[in-house]
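# Observations on chain architecture
For reference, the chains in residue letters:
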Amino acid sequence: MKGELHDAEVRPPVAVLFGRAGRTGGEDVLDELAGLAEAADVGVAGRLVQSLQRPLSATYIGSGKVEELRDLVKACHAELVLADVDLSPAQARNLTKAVGVRVVDRSELIMDIFARRARTAQAKLQVELAQLKYMLPRLRGQWVHLDRYRGGGVGTRGPGEKQLETDRRLVNKRIGDLQARLEVYERRTQLNLAGRSSARKVALAGYTNTGKSTLFNRLTGADRLAVNRLFATLDTRTRKWPVPGCEELILSDTVGFVASLPHHLVASFHATLEEVVEADLVLHIVDASGPHVRESMEAVMTTLKDIGAADIETLCVFNKVDLIADTMELQALLNAHPGAVVISARTGQGLEDLSSRVAAFFVSQTQVFQITIPIERGRALALAGELGELISSDADTQCVRVCLRVEESRIARLKAWAASEGLLLEPARIEDGAANSGD
Ligand SMILES: Nc1nc2c(ncn2[C@@H]2O[C@H](COP(=O)(O)OP(=O)(O)OP(=O)(O)O)[C@@H](O)[C@H]2O)c(=O)[nH]1
Ligand SMILES: [Mg+2]
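Residues numbered from 1 in each chain as written. Chains lettered and ligands numbered in written order. Predicted model: local features only at pLDDT ≥ 70, side-chain atom pairs only at ≥ 80, totals over all residues. Heavy atoms only, no water.

### Comments concerning the environment of Ile 285
Let me state the cut-off plainly: Working definition: helices are DSSP H or I runs of at least four residues, strands are E runs of at least two. Numbering for both runs from the N terminus. We call two residues in contact whenever any of their non-hydrogen atoms come within 4.5 Å of each other.
Summarising the element assignment, Ile 285 is placed in strand 8 (residues 281-287). Taking the C-alpha atoms as reference points, Ile 285 and Phe 318, 33 residues apart in sequence, are found 6.2 Å from one another. Apart from the residues lying within four places of it in its own chain, the contact partners of Ile 285 are Leu 204, Ala 205, Gly 206, Tyr 207, Thr 210, Lys 212, Leu 215, Val 317 and Asn 319.

### Observations regarding helix 5 (residues 121-135)
Put simply, the rule reads: Given a helix with a known number of residues, its expected span is that number minus one, times 1.5 Å. Three labels apply to residues, based on accessible area from a 1.4 Å probe with only protein chains included: buried if under 20% of the type maximum, exposed if over 50%, partly exposed otherwise in between.
Taking 1.5 Å per residue, 15 residues should reach 21 Å; helix 5 reaches 21 Å between its end C-alpha atoms and fits that length. Buried residues dominate helix 5, accounting for 12 of its 15 residues. When helix 5 is considered as a whole, its buried residues turn out to be Gln 122, Ala 123, Leu 125, Gln 126, Val 127, Glu 128, Leu 129, Ala 130, Gln 131, Leu 132, Tyr 134 and Met 135.

### Quick word on the site of ligand 1
How we decide: In this text, near means that some heavy atom of the residue lies within 4 Å of the molecule or strand in question. A 3.5 Å cut-off defines polar contacts: any pair of N or O atoms within that distance qualifies, except that in protein one atom must be a possible hydrogen donor and the other a possible acceptor, and neighbouring residues in sequence count only when both atoms are side-chain atoms. Calculation of accessible area relied on Shrake-Rupley with a 1.4 Å probe; when residues are assessed, cover is drawn exclusively from the protein chains displayed. Nonpolar residues are Ala, Val, Leu, Ile, Met, Phe, Trp, Tyr, Cys and Pro. Charged residues are Asp, Glu, Lys and Arg, and all others, Gly as well, are polar.
Near ligand 1 there are 23 residues, and of these Lys 212, Thr 214, Ala 232, Thr 233 and Asp 322 occur at the shortest range. Lys 320 is positioned with one of its side-chain polar atoms (N or O) 3.0 Å from an oxygen atom of ligand 1. When ligand 1 is considered free in solution it has 660 Å² of accessible area, and contact with the protein chains removes 94% of it. With 3 residues, helix 8 (residues 212-220) is the single largest residue contributor to the shell around ligand 1. For the shell around ligand 1, the class distribution of residues is 7 nonpolar, 11 polar and 5 charged.

### Let's talk about unusual backbone geometry
Even without being a glycine, Tyr 60 presents a positive backbone phi close to 70°. Secondary-structure assignment places Tyr 60 in the loop between strand 2 (43-50) and helix 2 (63-76).

### Focus: the sheet that holds strand 13 (residues 399-407)
The condition that has to hold: Think of it this way: DSSP has to see at least two bridges between two strands before they count as a pair. Inter-axis angles, ranging from 0 to 180 degrees, are taken between N-to-C directions of lines fitted to C-alpha atoms, where helices are fitted over the stretch in contact.
Here 4 strands make up an open sheet; going across it, the order is 12-13-11-14 and the pairing antiparallel. Looking along the sheet, the strands with just one partner apiece sit at the ends: strand 12 (389-395) and strand 14 (424-427). Adjacent strand axes in the sheet meet at a mean angle of 20° when their direction is disregarded. Across the sheet, helix 15 (residues 408-421) lies against strand 11 (366-374), strand 13 and strand 14, angled at about 150° from strand 13, the strand it touches most.

### Here we look at the pattern of salt bridges
Condition: Each salt bridge in this description consists of a side-chain nitrogen of Lys or Arg and a carboxyl oxygen of Asp or Glu lying within 4 Å of one another.
Considering all chains together, one arrives at 15 salt bridges under this definition. A salt bridge links Glu 421 to Arg 377; its shortest N-O distance comes to 2.7 Å. Here Arg 377 lies in the loop between strand 11 and helix 14 (378-387) and Glu 421 lies in helix 15, a separation of 44 residues in the sequence. What makes Glu 421 partly exposed here is its relative accessible area of 30%.

### Regarding helix 1 (residues 31-39)
Taken residue by residue, helix 1 has Leu 33, Ala 34, Leu 36, Ala 37 and Ala 39 as its buried positions. Against the buried residues of helix 1 lie strand 1 (14-20), strand 2, strand 3 (80-83) and helix 4 (106-117).

### Considerations on the packing of aromatic side chains
Here is the rule: Working definition: rings of Phe, Tyr and Trp (its six-membered ring) pair if their centres are within 6.5 Å, and the pair is stacked with planes under 30 degrees apart, edge-to-face with planes over 60 apart, and tilted otherwise. Placement of a positive charge over a ring is assigned whenever Lys NZ or Arg CZ falls within 6 Å of the ring centre and within 35 degrees of the normal to the ring plane.
A complete count under the given rule lists 1 aromatic pair for this structure. With a centroid separation of 5.0 Å and an interplanar angle of 75°, the aromatic rings of Phe 361 and Phe 362 are classed as edge-to-face. The ring centre of Tyr 185 lies 5.2 Å from the NZ or CZ of Arg 188, which sits over that ring.

### Points about the nonpolar core
Here is the rule: Side-chain atoms within 4.5 Å link the members of a nonpolar core, which is a set of buried Ala, Val, Leu, Ile, Met, Phe, Trp, Tyr and Cys residues. Where each domain begins and ends is defined by an automated method or by a domain database.
Leu 36, Leu 82, Leu 109, Ile 110, Phe 114, Phe 231 and Leu 304 are the most contacted members of the largest nonpolar core, which totals 48 residues. At 6 residues, helix 4 tops the list of elements feeding residues into this core. Mapping this core onto the domain boundaries places at least three of its residues in each of domain 1 (14-165) and domain 2 (197-362). Excluding anything up to four places from it in sequence, Phe 114 contacts Val 127, Phe 231, Leu 234, Val 255, Leu 265 and Phe 269. Formed by 25 residues, the second largest nonpolar core is a distinct cluster that contains Leu 249, Val 341, Ile 343 and Val 358.

### Topic: the confidence of the model for the chain
The test is simple: Note on scores: pLDDT gives the predictor's confidence for each residue, bounded by 0 and 100.
With 86% of its residues at a pLDDT of at least 70, the chain reaches an overall mean of 83. Per-element averaging of pLDDT across the chain places helix 6 (residues 143-152) at the bottom with 44 and strand 10 (residues 341-342) at the top with 97. Every residue in residues 155-161 scores below 50 in pLDDT, and together they form 14 contacts with partners more than four places removed in sequence or on other chains.

### Thoughts on the pairing of strand 5 (residues 200-206)
Moving residue by residue along a regular strand, the side chains alternate between the two faces of the sheet. Where burial is concerned, most of strand 5 is hidden: 7 out of the 7 residues are buried. Residues Arg 200, Val 202, Leu 204 and Gly 206 point to one face of strand 5 and Lys 201, Ala 203 and Ala 205 to the other, with burial holding for every one of them. Direction of pairing for strand 5 relative to strand 7 (residues 249-253): parallel, over a ladder of 4 bridges. Bridge assignment links Ala 203 to a residue of strand 7, and that residue is Ser 252. As paired strands, strand 5 and strand 8 are joined by 5 bridges and run parallel to one another. Bridge assignment links Leu 204 to a residue of strand 8, and that residue is Leu 283.

Take a look at the structure:
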């Protein structure tokens, strides 16, 4: 089974977009869904929004609205409905029956896009796993899902009744299979991360299309795909990022987030997102020129929490400032996020500032110590150098005094070692005063 759903012989289907009205009640609440539709190669023929207090358990929307939706679908000759909500299996089934064309919910659409974009073997397996888990409770009478899954595009092909034969048991077996294969990748990722334990790890995270890959390319000299479309990146890439004053720093570019990212998808992409979870510092890249800055930032925070990265130090980075004409708007953003850095990955504006902020962060995570080592203890001297970065040394006829910059995570080890060797270890200040409080 493959994740790639594109079929050259099938012309792109057209859809009616449906969603719940936001506070303004305008159709612009569907703009993001339209972007997602475009990413899935689906044309948009019409839009319908409804203000709805509480969804109905049977059809999500009331019978009057169902009729309106059906009429709009007919009038636009639409072949499917894309709903900007998550539907229960029963709701999707009932709505599909009532409207007369397939009703695809937000989760399914996002998984479809991921399936199209997945290029690496791991990403393909991850998407397939998410799709199967999503499909499992929907198998009953849901030949359309199987059909789509088998390569029919988003609701473009006729049903294949015999696909009903694919039953729970087979799907479950396949899920087990995929999980086993993905575990191999997971172990590999763990090994890679362990092997890089001495390097400082910075991860780019943020809403889709905010410029993470563009920034990654600029900072590391890579040539990742960076294009104006949703979910351009689905795998993780890591490269050295040369930052003055910061030894061995590696940067990861990874998959973008979106509001209500399907739960199964987040779970499946666990290994890919591991780079974020394992990072020492997350750069939260925000498209400051976008229309819904606050909402998308919240969605990113939620996802970071979901993947267990909520406690990682995060630096907010407002990108695409070259597109902002209204300085008041930018100022308002900065007032709301005082520590943020303002950049343009396109023009390069602010990148030096970003580097120095990152370097300063890592310096703040270290302390400087002075160790006094008797001159004849050459081996101890060499070992000290392995526990931290040597800043200076000063010798007389008896002793060598070395100043070491030590990461917080290694301080306990350094102290234990010095005690066991009977060496004098003291907090130190360094001349330029940049690093250490000395207490
Ligand atoms: N004007 C402007 N455009 C930018 C800037 N940074 C990125 N872009 C554009 O924004 C679009 C998305 O850029 P990407 O780097 O692919 O975004 P991404 O965050 O990696 O997207 P995903 O991989 O989909 O999550 C591309 O068309 C970029 O050229 C910027 O600073 N200014
Ligand atoms: Mg990208």
